Every structure is written in C-alpha cells, then in structure tokens.
Amino acid sequence: MIKILFIFMICTALPDEPLVAVFRHFSLKEIVGTLSKVSKRWWNISQTDGLWHTLPLDKWNVCHLTEAQFLNIVSHSRAFSHFSMSYVDVKVSQSRLNAILQNSLRVAHKLTHLDLSGQPIRNLNCLPNQKSEAAGLEVLILNDCLYIDENSFSESIIKRMGNINILSMNRTKLFSNEAVKLAVSLPSLFSLCVKGIPLSPVDVRVIVDKCKNLQLMEISHSSDERDDECRLLASECDVSLFIY
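Structural notes, computed from the coordinates. Just so it is clear, the structure is predicted and the values come from calculations on it, not from any experiment.

1. Things to note about the environment of D89
- Tracing the backbone shows D89 in strand β4 (residues 89-90).
- Residue class for D89 comes out partly exposed when judged on its relative accessible area of 30%.
- Spatially, the C-alpha atoms of D89 and D16 are 34 Å apart, while their sequence positions differ by 73 residues.

Here you go:
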C-alpha cells in the first residue's frame, strides 16, 4: 500500500499518457485489483485497452464472473494477446456466452493464446479472424468443451487456425477420424493433446506422418499392445508420445 501511495503522490500531476506508461509496469491483476481503486481518474486509466493484453483469469483464481464483469473484460478484446477463462463460471446463459465470445474475440487480432476449457461453447465462430500483419492464434486449449463436435471445424474456422502450434482438446466429443482430420490440416502443429478421444495405431500413424512439425502428443490408454504399437510409430517419427 505504501508503494501505491508513493506512486500516487508522484503521478497525480502527470497527464494521462505518461500515467498509462507507469501503469504498464504493473500486472493487469494489480491494475484492476489495486490501482483502479485509488481514484476515479486512475480507474479511467485502468480501462485503457493497451493495458489489457494478458488475462489468465484462471491463474488469478477467478472462479465466477457476473455478466457485467465479463462484458467489461471482453470489451478490451482488441488488446488481448493471452486470454484464459479455463473453467471460469460466467453467470449467463449458454447462448448468451456464445454470443458475447463471438462478438468480442473475433476482433482480437493480437490474440496468440486462447484457453476456453470447460466453457459450454457450441462452435468456434469466436476465433479471431486472421490478419496478415498479426502473428495469429498459436495456442488453442479446448479441454472439456463438451459441446464441440465435428460441425465446429468448418473450412473457414480451420483457416483461422492456420498458425496453431499447440492444440489441446482433451475429453471433447470429437470422434477419432474427426480429430485426425483436424490435426493434419494444421501445418504448424507442434503439440497435440487428445486424451479421451480413442485413437487407434492407424490414427497415430496418420498424424505423425502428416504433421511434419509435431514433437509432442498426448493420448489415452487403450490396451498394452496398442499402446506399444503407438509408441513405436511415434518414435519412428521422433515424436514424444505420452499415454495416460
């Protein structure tokens, strides 16, 4: 608190632009949780889009959000580079959540890391549109997204996933052939986690053969014999395979 008061004394007379530069030395959690409560002006400064680039809500132990809180967060989506709401309970209906995510994240052109694990999303229309000057989405985590199915991955959606190098879809409702089709359509794929999707040795062979950049893969236990065959196939292509 002494640190905050000291900064407040120094910064009170600063114009907004230099004050924003000072805020950049703090994490967003500190900005929202402490700095924004110092004064009304500091609250206004805390709402500057450029400060809202890294939001690992689950790592901040955020468990629940009201609709108003969630809307305030995603109103800054144009600045997002890392956004994780893994297993965060948003107090809105499923259709409302899908609509909010679609309207906000599709314009998050700076977004490279997205974790929607446990969210009741019905499709991936929320994925940001690719822009040539942007790096594009590189990490996509959809663990326990139980409403995701083969219809979620249209050709246009897969195009938005073109730069994905880490994909985790543990315990989704995809069938093995659908998971294979998706994996081999991602040329930059480095890590693939598909625990809970029953892959056969043939499926593993197709993935490790087609995904030339693949280095790590996580799958579910099948049988000792099939697991050994999968390990052999992966080792032939220098892919680290973990079976759970």
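2. Examining the pairing of strand β9 (residues 216-219)
- Pairing geometry for strand β8 (residues 191-193) and β9, over three bridges, is parallel. Bridge pairing in β9 places L192 opposite M217.
- The handedness of the β8 to β9 crossover, carried by helix α9 (residues 201-210), is right-handed.
- The pairing of β9 with strand β10 (residues 240-243) spans four bridges and is parallel. Paired with I219 across the two strands is I243, which belongs to β10.
- What joins β9 to β10 is helix α10 (residues 224-236), and the crossover it makes is right-handed.

3. Structural notes on the layout of surface pockets
- Approximately 390 Å³ is the volume attributed to the largest pocket.
- Here the lining of the largest pocket takes four residues from helix α3 (residues 28-33), the largest share from any one element.
- Of the residues assigned to the lining of the largest pocket, the class counts are 10 nonpolar, seven polar and one charged.

4. Side note on α9
- Within the span of α9, buried status applies to P201, D203, V204, I207 and V208. Down the axis of α9, the buried side of the element spans an arc of 155°, and every buried residue falls inside it. The outward face of α9, more than 90 degrees from its buried face, is lined by the exposed residues V202 and K210.
- Structurally, α9 contributes buried residues whose contacts are with α8 (176-183), β8, β9 and α10.

5. Re the environment of N151
- The residue N151 is located in the loop between β6 (139-141) and α7 (155-160) in this model.
- Among the residues examined, N151 registers a relative accessible area of 62% and is labelled exposed.

6. Some remarks on the sheet that holds β8
- Read from one edge to the other, the open sheet built from eight strands follows the order β1-β3-β5-β6-β7-β8-β9-β10, with strand pairing classed as parallel. Looking at which strands have only one partner, the edges of the open sheet turn out to be β1 (54-56) and β10. Averaged over neighbouring strand pairs, the angle between their axes works out to 5° when direction is ignored.
- As defined by bridge partners, strand β3 (residues 82-84) adjoins strand β5 (residues 113-115) across three bridges and the pair is classed as parallel.

7. Notes on the packing of aromatic side chains
- Throughout the structure, instances matching the rule amount to two aromatic pairs.
- With a centroid separation of 5.4 Å and an interplanar angle of 70°, the aromatic rings of F23 and W42 are classed as edge-to-face. You can see F23 sitting in helix α2 (residues 16-23) and its partner W42 sitting in helix α4 (residues 40-46), a full 19 residues away along the chain.
- Taking relative accessible area as the criterion, F23 reaches 1% and is therefore assigned buried.
- For W42, a relative accessible area of 1% translates into the label buried.

Each value, and the rule that gives it
Residues numbered from 1 in each chain as written. Predicted model: local features only at pLDDT ≥ 70, side-chain atom pairs only at ≥ 80, totals over all residues. Heavy atoms only, no water. Helix = DSSP H or I, 4+ residues; strand = E, 2+ residues; numbered from the N terminus. Buried < 20%, exposed > 50% of the residue type's maximum accessible area, 1.4 Å probe, protein only. Pairing = 2+ DSSP bridges. Right-handed = clockwise from strand over helix to strand, strands pointing away. 1 Å grid on protein atoms, 1.4 Å probe; cavity = no way out; pocket = protein on both sides within 12 Å on 5 of 7 lines; lining within 4 Å. Points joined across faces, edges and corners; volume = space filled by probe spheres on them. Nonpolar A, V, L, I, M, F, W, Y, C, P; charged D, E, K, R; others polar. Arc of directions from axis to C-beta. Contact = heavy atoms within 4.5 Å. Axes fitted to C-alpha atoms, helices over the stretch in contact; angles between N-to-C directions. Phe/Tyr/Trp six-rings, centres within 6.5 Å; stacked < 30°, edge-to-face > 60°.

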